[in-house]
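Structure assessment
In case you want the letters, here they are:
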Amino acid sequence: MTSAHTLADKPAHTVHAGDRKVLVGLIGAGIQRSLTPAMHEEEARHHGLRLHYQLIDLDRTGAGIEALPGLIQAVRTMGFAGLNITYPCKQAVIPLLDELSDEAREMGAVNTVVYRHGRLVGHNTDGTGWAWGFRRALPAADLSEVVVLGTGGAGAAIAHAISHLGATRLVLVDREPARAQALADALNAAHGAGRARVEADIARALQRASGLVHATPTGMDKLPGLPLPVELLRPTLWVAEVVYFPLETELLKAARRIGCPTVDGGGMAVGQALGAFELFTGLTPDAHRMEAHFRRLVAQRPGG
């Protein structure tokens, strides 16, 4: 498997209006509420493209990751321009691809697959997508010591992204210490020894922290609540949320009451879609338009 272009590079092929149809999709489990199809299809319309975004929900068919080889083969035979990949397939898809981008290789996960010239290339726009939203919301944030609560797929992508943004120290907290340690080892190997460490206790982790990234499912509409005691927050601590259903999680509400600078989860959702759209089509999406559309969609949803 050879290295592909980085996410910042343009795809080798750019879709033109005369090409007219673009077929893309999302493979994952429990994805019926995803707003990604609407974001991609609406942005394509502004570029004069007819883009169809197909949800391939493993929960609907009762299948698991064992279905991936057949689904990936269908990409080759059905003329897909590419796919987004989400839980539980981000790692399992890697052996089925021809190339990986530098970001995907570094993170050990793929969330976007591009099919071009007979080759399947895996990318990861989660980290760059999060960084896009974070820089827009808190451009002057103190990155001297950042706590990442949750080291699954989203947490790992963000940990690498914030390292690239210049974070001096990362403190990783997870209910699975082995997973947190594996990420710490990967971060230290990629970004310099001593960059990341694991802490079992969230209170100790936050003692000297300048910022907190919350990357667990707690706070989602189906899993309401707080991921940590409110008394651990303080006005000098910025708080970034990954959850975006709802946009106003209990954590963000508490942080804002205290006076913490905050970032909601919508920035990452839009940022990763911006990157994927450009990879699929070779066209530059309008970030302001796409974000405005996303926030309208969230506001229109029950419980959004």
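I will try to describe carefully the structure that is included in this document.

Conventions and cut-offs
Residues numbered from 1 in each chain as written. Predicted model: local features only at pLDDT ≥ 70, side-chain atom pairs only at ≥ 80, totals over all residues. Heavy atoms only, no water. Helix = DSSP H or I, 4+ residues; strand = E, 2+ residues; numbered from the N terminus. Expected span 1.5 Å × (residues − 1). Buried < 20%, exposed > 50% of the residue type's maximum accessible area, 1.4 Å probe, protein only. Pairing = 2+ DSSP bridges. Axes fitted to C-alpha atoms, helices over the stretch in contact; angles between N-to-C directions. Parallel < 35°, antiparallel > 145°, perpendicular 65-115°, else oblique. Left-handed = near helix turned anticlockwise from the far one by under 90°. Contact = heavy atoms within 4.5 Å. Nonpolar A, V, L, I, M, F, W, Y, C, P; charged D, E, K, R; others polar.

Below, the discussion takes up helix 5 (residues 126-137). Taking 1.5 Å per residue, 12 residues should reach 16 Å; helix 5 reaches 17 Å between its end C-alpha atoms and fits that length. Every buried residue of helix 5 is accounted for by Asp126, Gly127, Gly129, Trp130, Ala131, Trp132, Gly133 and Phe134.

Judged by how many residues are buried, strand 7 (residues 119-123) sits mostly within the fold: 4 of 5 residues are covered. Sheet analysis places strand 5 (residues 99-100) next to strand 7, joined by 2 bridges and oriented parallel. The residue of strand 7 that forms the bridge with Leu100 is Gly122. Sheet analysis places strand 6 (residues 112-116) next to strand 7, joined by 5 bridges and oriented antiparallel. Looking at the pairing, Val113 lines up with Gly122 of strand 7. With antiparallel pairing between neighbouring strands as the criterion, strand 6 and strand 7 make up a hairpin whose turn holds 2 residues, including His117 at a positive phi of roughly 55°.

Before going further, it helps to examine the packing of helix 5 against helix 10 (residues 266-281). It is the contact of helix 5 with helix 10, at a shortest axis distance of 7 Å, that shows an interaxial angle of 125°. Relative to helix 10, the element helix 5 lies oblique. For the pair helix 5 and helix 10, the crossing hand works out as right-handed. Taken together, the residues of helix 10 that come into contact with helix 5 (itself represented by Asp126, Gly129, Trp130, Trp132 and Gly133) are Gly267, Met268, Val270, Gly271, Gln272 and Leu274. Its residues assigned to classes, the contact of helix 5 with helix 10 comprises 5 nonpolar, 5 polar and 1 charged.

Further remarks concern the environment of Ala209. Mapping Ala209 onto the fold places it in the loop between helix 8 (202-206) and strand 11 (211-214). Considered as a pair, Ala209 and Arg45 are 164 residues apart in the sequence and their alpha carbons are 44 Å apart. Setting aside chain neighbours within four positions, we find Ala209 in contact with Glu145, Val147, Arg234 and Leu237.

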